[in-house]
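Structural characterization, general
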Amino acid sequence: MESPSFYPVSGIIVPSNALQIQRARDFALLVDSKASAYVRLIECRGNDGREAVIIDVDSTVPQHPIADIRITERLKIEFDPKDSWYPDVWALRIDFPRKCTLHLNLVPESQPASLCLFSESWPEIRLRLTANMLLLRIQTWLNGSANGTLHREDQPLEPAFQAHSFPLIISPRLARSIISGSRNLQLGIIQDCNGYVFIQARPDRRLNERALPAYVIPLISAPHEHCIVNTHPENLEELCRQLEPVGIDLLREVQSKLITLEHQNDLESYRFLVLLIVLLRQRDANAEPEPEIVAFLCIGDHAQRTGLTALARAVGLGGTGDNLKCGQDVDVMLMSVHEELTPKTSSLYSGHDEIDLSLVAVGVGAIGSQVVEKAVRGGLARWHIIDNDYLLPHNLVRHALGGDWLGHAKASALAFEANTLLDEPTIQATVADVLSPDKQAKTIQKTFAEAHAIVDLSASVAVARHLAHDVPATARRCSIFVSPSGKDLVFIGEDIDRKYRLDHIEMQYYRAIASNEQLSGHLLDGISIGSCRTITSRVPQYLMGLHAAQGVRILRSWLLSKTSIATVVRTEA
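Residues numbered from 1 in each chain as written. Predicted model: local features only at pLDDT ≥ 70, side-chain atom pairs only at ≥ 80, totals over all residues. Heavy atoms only, no water.

**Overview of the overall build of the protein**
Threshold: Going along the chain from the N terminus, every DSSP run of H or I of four or more residues is numbered as a helix, and every run of E of two or more is numbered as a strand. Residues are treated as being in contact if the distance between any of their heavy atoms lies within 4.5 Å. Only the protein chains shown count as cover for residues, with accessible areas throughout obtained via the Shrake-Rupley method and a probe of 1.4 Å.
The secondary structure content of the protein amounts to 15 helices and 23 strands. In the protein, 66% of the contacts between residues at least 6 apart in sequence involve partners at least 24 apart. In the form shown here, the protein has an accessible surface area of approximately 28600 Å², with 51% of it arising from carbon and sulfur atoms.

**Comments concerning the packing of helix H10 (residues 366-377) against helix H15 (residues 541-560)**
Filter applied, for reference: Note on geometry: axes are lines fitted to C-alpha atoms, helical ones only across the stretch in contact, with angles between N-to-C directions running from 0 to 180 degrees. We call two directions roughly parallel when the angle between them is under 35 degrees, roughly antiparallel when it is over 145, roughly perpendicular when it lies between 65 and 115, and oblique otherwise. Here is the rule for handedness: rotate from the far helix to the near one, and if that takes an anticlockwise turn smaller than a right angle the crossing is left-handed, while a clockwise turn gives right-handed. Under the convention adopted here, Pro, Cys and the residues Ala, Val, Leu, Ile, Met, Phe, Trp and Tyr are nonpolar, Asp, Glu, Lys and Arg are charged, and Gly plus all remaining residues are polar.
Look at H10 against H15: their axes get within 8 Å of each other, and the N-to-C directions meet at 50 degrees. The angle between H10 and H15 falls in the class oblique. Remark: the crossing between H10 and H15 carries right-handed chirality. Along its contact with H10, which presents Ala-366, Ile-367, Gln-370, Val-371, Lys-374 and Ala-375, the element H15 presents Gln-541, Met-544, Gly-545, His-547, Ala-548, Ala-549 and Val-552. Taken together, the residues that form the contact of H10 with H15 break down as eight nonpolar, four polar and one charged.

**What to know about the environment of Ile-55**
Considering the arrangement of structural elements, one finds Ile-55 in strand S3 (residues 50-58). Remark: the alpha-carbon pair of Ile-55 and Arg-74, spanning 19 residues in sequence, is separated by 5.7 Å.

**Considering the packing of aromatic side chains**
Stated formally: Stacked, edge-to-face and tilted labels apply to pairs of Phe, Tyr and Trp rings (six-membered ring for Trp) whose centres lie within 6.5 Å, assigned for plane angles under 30 degrees, over 60, and everything in between, in that order.
Scanning all chains against the criterion turns up 11 aromatic pairs. A network of ring pairs unites the aromatic residues Trp-85, Tyr-86, Phe-118 and Trp-122 as a single cluster.

**Details of the nonpolar core**
Counted only if it meets this: We call a set of buried Ala, Val, Leu, Ile, Met, Phe, Trp, Tyr and Cys residues a nonpolar core when their side-chain atoms join them within 4.5 Å. Think of it in three bands: with a 1.4 Å probe and only protein chains considered, a residue is buried below 20% of the maximum accessible area for its type, exposed above 50%, and partly exposed in between.
Judged by nonpolar contacts, the single largest core of 41 residues is most densely connected at Val-372, Leu-380, Trp-383, Ile-385, Leu-555 and Leu-559. Where this core is concerned, the elements lending two or more residues are strand S17 (359-362), H10, strand S18 (383-386), helix H11 (410-419), strand S20 (453-456), strand S21 (476-482), strand S22 (488-493) and H15. Broken down by element, this core gets its largest block of residues, eight residues, from H15. When near neighbours in sequence (up to four residues on either side) are disregarded, Leu-380 contacts Ile-355, Leu-359, Ala-375, Leu-555, Arg-556 and Leu-559. Among the nonpolar cores identified, the runner-up in size contains 37 residues, and Val-53, Val-89, Ala-91 and Leu-135 belong to it.

**Description of the sheet that holds S20**
Adjacent strands of a sheet pair through backbone hydrogen bonds, lying either parallel or antiparallel. The condition that has to hold: Pairing between strands requires that DSSP locate at least two bridges from one strand to the other.
Pairing within the open sheet is mixed, and its seven strands lie in the order S19-S18-S17-S20-S21-S22-S23. The open sheet terminates on both sides in strands that have one partner only, identified here as strand S19 (427-430) and strand S23 (565-570). Taken pair by pair, the neighbouring strands of this sheet meet at an average axis angle of 15 degrees, ignoring direction. Note: S21 against S22, five bridges, orientation antiparallel. Bridge pairing in S22 links Cys-478 to Gly-493. Lying over the sheet, helix H13 (residues 461-469) contacts S17, S20 and S21, oriented at roughly 165 degrees with respect to S20.

**So, the state of the cysteines**
This is how the line gets drawn: Criterion for a disulfide: a pair of cysteine sulfur atoms at a distance within 2.5 Å.
With the rule as written, the count across this model stands at zero disulfides. Residue Cys-326 stays outside any disulfide, its sulfur separated by 7.7 Å from that of Cys-240, the closest cysteine.

**A look at the confidence of the model for the protein**
Rules: The quantity called pLDDT is the predictor's confidence in a given residue, expressed from 0 to 100.
When the pLDDT values of the protein are averaged, the result is 87; 89% of them are 70 or greater. Every residue in residues 527-531 is under pLDDT 50, and counting partners more than four places away or in other chains gives six contacts.

**Some thoughts on the pattern of salt bridges**
Condition: Basic side-chain nitrogens of Lys or Arg form a salt bridge, by our definition, when they fall within 4 Å of a carboxyl oxygen of Asp or Glu.
Across all of its chains, the model carries 27 salt bridges by this definition. A salt bridge links Asp-58 to Arg-40, with the nearest nitrogen and oxygen atoms 2.9 Å apart. In this pair, Asp-58 sits in strand S3 while Arg-40 sits in strand S2 (residues 39-47), placing the two residues 18 residues apart along the sequence. Linking Glu-292 and Arg-281 is a salt bridge whose minimum nitrogen-to-oxygen distance equals 3.3 Å.

**Remarks on unusual backbone geometry**
Residue Lys-34 is not a glycine yet carries a positive backbone phi of 65 degrees. Among the secondary structure elements, Lys-34 is positioned in the loop between helix H1 (22-32) and S2.

**Brief notes about the packing of H13 against helix H14 (residues 502-515)**
Relative to each other, H13 and H14 sit at 135 degrees, their axes nearing to 8 Å. Classed by the angle they form, the pair H13 and H14 counts as oblique. For the pair H13 and H14, the contacting residues are Ala-464, Arg-465, Ala-468 and His-469 in the first and Leu-502, Asp-503, Glu-506 and Met-507 in the second. Class assignment of the residues belonging to the contact of H13 with H14 gives a composition of four nonpolar, one polar and three charged.

**Quick word on the environment of Ile-71**
Looking at the element boundaries, Ile-71 is found in the loop between S3 and strand S4 (72-79). For Ile-71, a relative accessible area of 57% gives the class exposed.

**What about H10?**
For clarity, the cut-off: Expected span of a helix, by definition, is 1.5 Å for each gap between consecutive residues, and there is one gap fewer than residues.
The end-to-end C-alpha distance of H10 is 17 Å, a good match for the 16 Å that 12 residues give at a rise of 1.5 Å each. All of the buried residues in H10 are Ile-367, Gly-368, Ser-369, Gln-370, Val-371, Val-372, Glu-373, Ala-375 and Val-376.

**Side note on empty space enclosed by the protein**
Spelled out, the test is: Only protein atoms enter the calculation, which uses a 1 Å grid: trapped sets of points that fit a 1.4 Å probe without letting it out are cavities, open sets showing protein on both sides within 12 Å along at least five of seven lines are pockets, and any residue with an atom within 4 Å of a point is a lining residue. Grid points are joined across faces, edges and corners, and a volume is the space filled by probe spheres set on the points.
Counted under the stated rule, the structure contains three cavities of 30 Å³ or more. The calculated volume of the second largest cavity comes to roughly 40 Å³.

**Let's talk about the sheet that holds strand S7 (residues 113-115)**
Spatially, the seven strands line up as an open sheet ordered S1-S2-S3-S4-S5-S7-S6, and their pairing is antiparallel. The open sheet has two edge strands, strand S1 (12-13) and strand S6 (104-105), and neither has a second partner. On top of the sheet, helix H3 (residues 131-147) reaches S2, S3, S4, strand S5 (88-91), S6 and S7; it is set at about 140 degrees to S4, its chief contact.

**Quick notes on H14**
The condition is simple: By arc we mean the arc of the directions from the helix axis to the C-beta atoms, nothing more.
Spanning 14 residues, H14 covers 20 Å between terminal C-alpha atoms, matching the ideal 20 Å at 1.5 Å per step. Looking at H14, one finds that the buried residues are Leu-502, Asp-503, Ile-505, Glu-506, Tyr-509 and Ile-513. Down the axis of H14, the buried set is contained in an arc of 155 degrees. They therefore lie on one face. For H14, exposure combined with an orientation more than 90 degrees from the buried face picks out Arg-511, Ala-514 and Ser-515. Tucked inside the fold, the buried residues of H14 contact H13, S21, S22 and S23.

**Focus on the side chain of His-547**
Put simply, the rule is: The definition of a polar contact used here is a pair of N or O atoms within 3.5 Å, where within protein one atom must be able to donate a hydrogen and the other to accept one, and adjacent residues in sequence count solely through side-chain atom pairs.
Looking at where His-547 falls in the secondary structure, it is placed in helix H15. Within the structure, His-547 has its side chain in polar contact with the backbone oxygen of Lys-487 (distance 3.5 Å). The residues contacting His-547, other than those within four sequence positions of it, are Ile-367, Val-482, Gly-486, Lys-487, Asp-488, Leu-489 and Thr-571.

Here it is, written out as C-alpha cells:
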C-alpha cells in the first residue's frame, strides 16, 4: 500500500513543554509520556495564537471495516487560546473517508475532515474535559467508525442538515399526514424582538396578534441512508441541488405551487414561504425508513409588502420568462423543528411509562385543577372533567387557571388550557353538578360508565358518598383532598375489584386520625363542618402546589396497582 498523503500543517514547530495553551500542553505531554502505546507524538505547532498537537493514532480495524479507517491515522488537534470552543480534531490523510462516515463536522472539501467527538455543549464539556478524556474520545471515534459501532442503535439518525435558524413548532402527526398526501397545512408566525417563531395553526390556539400567514409546501423524499449530511444552503438553488439526490425536484414543486397561487391572485396573501420536507432516512440500505422533518424558510425581497410576488419572480414566474432564474436570489434558512408534546413524549420526558387510561375528575377547584394540569403535563392525559363552578377572583390564589378565565366555567376553561399542552385534544368537560346533573345526567352517566377510574377532587363529603354508593359503574374510585390547615394531603383509593369502597376506606382514615399519634393535630387549624374537606381555609399556593404534585405521584402509583390505599402526606410548613 502506498504511503498516505497528508494535508500540510502550518505554523512554527515548538517543543511540547513550550506550548502556551494549558489544554494543548497537557495533551502533548500526555501523549509524549507514552501513557498509551497506541498514540505517538509527531510534533507541536503554534500559529496566530492557536496551538496544534499532531499525533499518530493506532486503531482497532476489522478485516472488512465499515469505513476506510486505516490502522494508523494522523490527526491534528488544535486548541483555542481563549478556550471558547471544543478542541478541533482534524484527520490529515487527504483521502480520509467522508462519504457515509457518520459524526463528521461539516467543513469545506478543501479542509481536512473534522471529527465530531461530543454531543454535549462546550460550556458543559469544558468543565470536565481532561487530556485523558480527549484522547479516549479520539480513539473511540476511530475504532467505532471502523467497526460500525460509533452510531448506536438507540441513537437518533444523523440530522440531514446542520445549523438552524427560527423555531418551527408542529404536530408529530404532520409527517404521517404528509406521507399520506395531505396538503391542508397552515402555519402562524409570531414575531418579536428576537425574530420569528412558526407554529402550526390550530382552532384552540391563541396566536400572537402579530401572527402573519405563511404558505407551506410539503415535500417527501425517496428512502435513503442517513449518511448524507448537508451543509447549510445559502439559497434556494443550492438547496435544490442538495435535495435532488434524494428524489425531490424542488424547483419544479415550488414553481408549480406558486403558479397555482398566481392564478388564484393569492401571492400577496402570504408573507413567507416554508418548505416542509419529510426525509425518509434509513440506518442502512435494508432498514425501514425513519422519517425526519426538516423545514426551510424562503425569503424574497419586499415580502412584508408584496407577499410571495417577488419570490415567484426569483424562480422564473410572474411573467419574467427567465429560465435562468432558479432561486439563486432567494435566501433560505434552515429552521429548528420542534414537535409538539404527545402523551407518550410527555411521559418519556417525565421519566416514566405512559398510562393510557380514561379518567374522570369530579371537581376542579384549587387542588383538582392543579392535579389535572400536572397529570396532563406528565402524560396522564385522558380526562373528562365535571364541575359546575365558575372562576372568581379569590380562586386565582390557588387555581391552575389565570385571570383571563375570570367568570368562565372552571371545567371548560381548564379543559381548553390542558388541551393546548398536547398535539391533539384529550380532555373533555361537562359543566354540571354531579349531585344535581339535570340535563347533563345522561352525559355524566355515560362518562362514568366508560371510565377506568373516577377521581374525586371535590372536597365534598356528599359527593364522595354519592360516588361510593350511587354511581352504577365498574370504575374504581379515589378521593384526593387536603386537611383544614392545608398542611396535609390525604389520598384514599379503592382496590381494583371495589371490595373496599371509598366510604369504607374513609372510615379507616378517621380511625387512624383518632388513634395514631403521628396524625396528631391533623384536623386542627380549621372549623370542621362534617369533614375536614368542607373547610375554606387560608392556604398558600406553595402548599397547594406541593400537595397537587404529591397527589399526581400517588395517583399514578394507585392506577398501576390493584390494591386499596389510604395515605396521609404531612408537611411541617
